[in-house]
Amino acid sequence: MYTNLSNQLRAKGLSWNAAAAAIGMPEPTFRGKMTVKERSFSIEEAIKIKLNLFPEMDMMYLFKKDDVNVSA
């Protein structure tokens, strides 16, 4: 799951339905990409979300998946 993205949507008072509509994606597809471990947003979808909803946020932060361990 994309906890950071979910938290930022909540902080802005945006539902998954509103976020999906903002990028032209059906809500069930958006929901699936947010919740199903094996599904992810494409880079194009991530860019749309960042530019349309979170231009002030870092993409790496927004789209860090909970199950990914990033180490230097």
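The structure presented is a predicted model; accordingly, all values stated were derived computationally and were not measured.

Chemist: Got a minute to help me understand a nonpolar patch on the surface in this structure?
Modeler: A cluster of nonpolar residues, Ile43, Ile47 and Leu51, forms a patch on the protein surface that exposes about 290 Å² of accessible area. Of note, leucine 51 is situated in helix α4 (residues 43–53). Residue class for leucine 51 comes out exposed when judged on its relative accessible area of 57%.

Chemist: In this structure, what is going on with the nonpolar core? I would like to understand it.
Modeler: Nonpolar side chains tend to gather and get buried jointly when the protein is soluble and globular. Within the largest apolar cluster, 17 residues are counted, with the highest numbers of intra-cluster contacts made by Leu5, Leu9, Phe30, Phe41, Ile49, Phe54 and Phe63. Going through the elements one at a time, α1 (3–11), α2 (16–22), α3 (27–35) and α4 are the ones with two or more residues in this core. For this core, the element with the most residues is α4, which contributes three residues. Not counting residues within four places of it along the chain, the set of residues in contact with leucine 5 comprises Met34, Phe41, Ile49, Phe54, Leu62 and Phe63.

Chemist: Would you explain the packing of aromatic side chains in this entry?
Modeler: Each pair of aromatic rings is reported with the distance of its centres and the angle of its planes. All chains considered together, the criterion is met by five aromatic pairs. Consider the rings of tyrosine 2 and phenylalanine 63, whose centres lie 5.9 Å apart with planes at 75 degrees: the pair is edge-to-face. Note that tyrosine 2 is positioned in the segment before α1 and phenylalanine 63 in the segment after α5 (59–62), a separation of 61 residues in sequence. Just as tyrosine 2 is buried, phenylalanine 63 falls in that class too. Here the aromatic cluster, defined as three or more aromatic residues joined through ring pairs, consists of Tyr2, Trp16, Phe30, Phe41 and Phe63.

Chemist: I would appreciate a short explanation of the pattern of salt bridges in the present structure.
Modeler: When their charged atoms lie close together, side chains carrying opposite charge are able to pair. Under the defined criterion, the tally for this structure stands at three salt bridges. Here lysine 33 and glutamate 45 are joined by a salt bridge, their closest N and O atoms 2.7 Å apart. Of the two residues, lysine 33 is situated in helix α3 and glutamate 45 in helix α4; the sequence distance between them amounts to twelve residues. Considered together, lysine 33 and glutamate 45 belong to a single accessibility category, that of buried residues.

Calculation criteria
Residues numbered from 1 in each chain as written. Predicted model: local features only at pLDDT ≥ 70, side-chain atom pairs only at ≥ 80, totals over all residues. Heavy atoms only, no water. Patch = residues over 30% accessible without salt bridge, like charges linked within 9 Å, V, L, I, M, F, W, Y side chains within 5 Å. Areas by Shrake-Rupley, 256 points an atom, 1.4 Å probe, with all protein chains shown as cover. Salt bridge = Lys/Arg side-chain N within 4 Å of Asp/Glu carboxyl O. Helix = DSSP H or I, 4+ residues; strand = E, 2+ residues; numbered from the N terminus. Buried < 20%, exposed > 50% of the residue type's maximum accessible area, 1.4 Å probe, protein only. Core = buried A, V, L, I, M, F, W, Y, C linked by side-chain atoms within 4.5 Å. Contact = heavy atoms within 4.5 Å. Phe/Tyr/Trp six-rings, centres within 6.5 Å; stacked < 30°, edge-to-face > 60°.

No statement about biological role is implied by the geometric values presented.
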